[in-house]
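Listed below, chain by chain, are the residues.
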Amino acid sequence: MDSIFSDRITDVPRSFIREILKVTLDPSVISFAGGLPNRNFFPVDELKEATANVFESNCRDTFQYGKSEGYQELREFISRRYREKQNLDIPVDDILITNGSQQGLDLLGKTLLNEGDEVIIEEPGYLGAIQALSIYRPTFLPVGVYDDGMDLQKLAQVVESNKPKLMYTVPNYQNPSGISYTEENRRGVADILAGSKTVLLEDDPYGELRFTGERKISFKKLLPDNTILLGSFSKIVVPGFRLGWVVAPSPIMKKLIIAKQATDLHTTHFTQSILYQYLTNNDLDKHVNTIIEAYGNQCRAMLKSIEQFFPKTVHCTRPEGGMFLWAQLPENVSSLELFEMAVKDKVVFVPGRPFYVNNAATNTLRLNFSCADEEMIKIGIERLATAINELI
Ligand SMILES: Cc1ncc(COP(=O)(O)O)c(C=O)c1O
């Protein structure tokens with residue numbers, strides 16, 4: 001049977017996280033494993049009203065085939081928001097609506113990568129990007145990320161001695177580590193890439209979810225001609241609509257549109273219309289602030305319990321936003337073993353291993369704080385601390 005599969009799909013790692021999520025179906029398990037936005041903040045009534053509005057207005061147009069580039073008014077909304085929030089000048093023609101930013105990753109792989117092309121990837125890095133790009137069979141060049149961003153010395157070395165075509169980054173509250181690149185680190189990265197042919201892929205699904213500190217400069221400002229941006233409505237409205245976007249300079253955009261047409265002609269017109277109605281009739285900033293307040297409280301609750309219960313030899317990141325933090329156990333302690341013990345105590349997390357393309361640090365783990373309330377977080381971290389103490 002194996003012989004029927006393409007080499008391309010055989011090489012792609014399975015999502016270990018999907019496996020873990022099965023355990024979390026048991027309601028008595030406290031889960032820090034998922035990467036899901038908190039469903040309590042889905043604007044259900046507002047989306048119901050927006051849907052009714054779509055049916056009452058131009059619904060025959062909505063049910064017709066649409067433009068591959070996406071719903072024009074939605075693209076204009078995204079362009080305006082970049083100007084308002086980040087003072088970025090993004091022409092509407094540089095925006096392609098996709099089925100979540102995850103499809104953006106696939107289309108970019110399709111458009112830019114030949115087998116064996118070199119791609120710089122953060123270590124640890126976003127599993128979904130590792131999966132999506134693996135389909136195109138690149139050679140990954142991992143570069144470590146730490147509390148203040150990327151390892152610049154390693155990056156300079158990798159750029160100098162290879163010909164990386166692409167560099168993938170999540171500079172704001174990275175998935176999985178929760179770290180953000182400092183302004184200085186971003187400028188360091190931009191200096192290293194300036195003049196090279198490497199295209200920088202800035203994936204920013206969490207950027208608006210900042211609960212402390214100031215927004216940092218986008219790579220699009222530092223390397224305007226060489227940066228592709230990925231954005232998403234998944235974390236600020238709902239993930240189930242599968243609506244995200246790619247911002248790419250015009251020569252790349254032309255080819256991306258061909259890839260989009262070949263893949264699915266266009267993203268669903270219906271959901272784009274509903275989302276646009278929602279965005280027009282509601283205050284997105286107010287909604288985002290509600291999410292930020294909750295995630296900020298949950299993150300602080302998790303850090304407080306970590307300080308109280310974890311042994312001091314465990315290092316944890318201190319996220320400025322987003323949904324995750326990252327813990328590093330003492331070197332001899334395996335997070336997979338910890339996982340086995342923690343499941344028995346009805347608390348789960350994601351061991352660090354799937355976030356590495358090679359040489360995994362086996363003592364690391366990702367903790368999600370967006371879905372459990374503050375009380376559950378305290379109980380879950382205390383249980384986890386008991387398991388860690390037994391292993392040390
Ligand atoms: C860094 C990163 N990029 C992309 C995505 C995919 O998001 P979307 O729902 O827009 O496809 C996620 C989802 O968790 C993510 O964490």
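Refer to the structure printed above.
What you see is a predicted model; the values in this text were computed from it and never measured.

Let's talk about the site of the ligand
Neighbouring the ligand are 14 residues; G100, Q102, N175, S232 and S234 lie closest to it. A per-element tally of the shell around the ligand places helix α6 (residues 100-112) first, with 3 residues. Of the residues that constitute the shell around the ligand, the class distribution is 4 nonpolar, 9 polar and 1 charged.

Some details on helix α9 (residues 183-193)
All buried positions along α9 are accounted for by N185, R186, V189, I192 and L193. The arc that holds the buried residues of α9, viewed along the axis, is 125°, so those residues lie on one side. Here the buried face of α9 lies against β5 (149-150), α8 (152-161), β6 (166-169), β7 (199-203) and α10 (219-222). Positive phi shows up at G195, right after α9, with a value of about 85°.

Regarding the packing of helix α3 (residues 44-56) against helix α12 (residues 269-281)
When two helices pack together, you describe them by how their axes are tilted relative to each other and by the distance separating the axes. Where α3 contacts α12, the two axes come as close as 8 Å, and the packing angle between them is 115°. At the point where α3 passes α12, the crossing takes the right-handed sense. Within the contact between the two elements, α3 uses E46, L47, A50, T51, N53 and V54 and α12 uses S273, I274, Q277, Y278 and N281. Residue composition of the contact of α3 with α12, by class: 5 nonpolar, 5 polar and 1 charged.

Focus on the packing of helix α14 (residues 335-344) against helix α15 (residues 374-391)
Two elements in contact, α14 and α15, have axes whose closest approach is 9 Å; the angle formed by their N-to-C orientations is 130°. The angle between α14 and α15 places the two elements in the oblique class. Crossing handedness for the pair α14 and α15: right-handed. In this structure, α14 uses E337, L338, M341 and A342 to contact α15, whose residues at the interface are L384, A387, I388, E390 and L391. Residues of the contact of α14 with α15, tallied by class, amount to 7 nonpolar, no polar and 2 charged.

Analysis parameters
Residues numbered from 1 in each chain as written. Predicted model: local features only at pLDDT ≥ 70, side-chain atom pairs only at ≥ 80, totals over all residues. Near = placed C-beta within 6 Å. Helix = DSSP H or I, 4+ residues; strand = E, 2+ residues; numbered from the N terminus. Nonpolar A, V, L, I, M, F, W, Y, C, P; charged D, E, K, R; others polar. Buried ≥ 20, exposed ≤ 12 C-beta atoms within 10 Å, placed from the backbone. Arc of directions from axis to C-beta. Contact = placed C-beta atoms within 7 Å. Axes fitted to C-alpha atoms, helices over the stretch in contact; angles between N-to-C directions. Left-handed = near helix turned anticlockwise from the far one by under 90°. Parallel < 35°, antiparallel > 145°, perpendicular 65-115°, else oblique.

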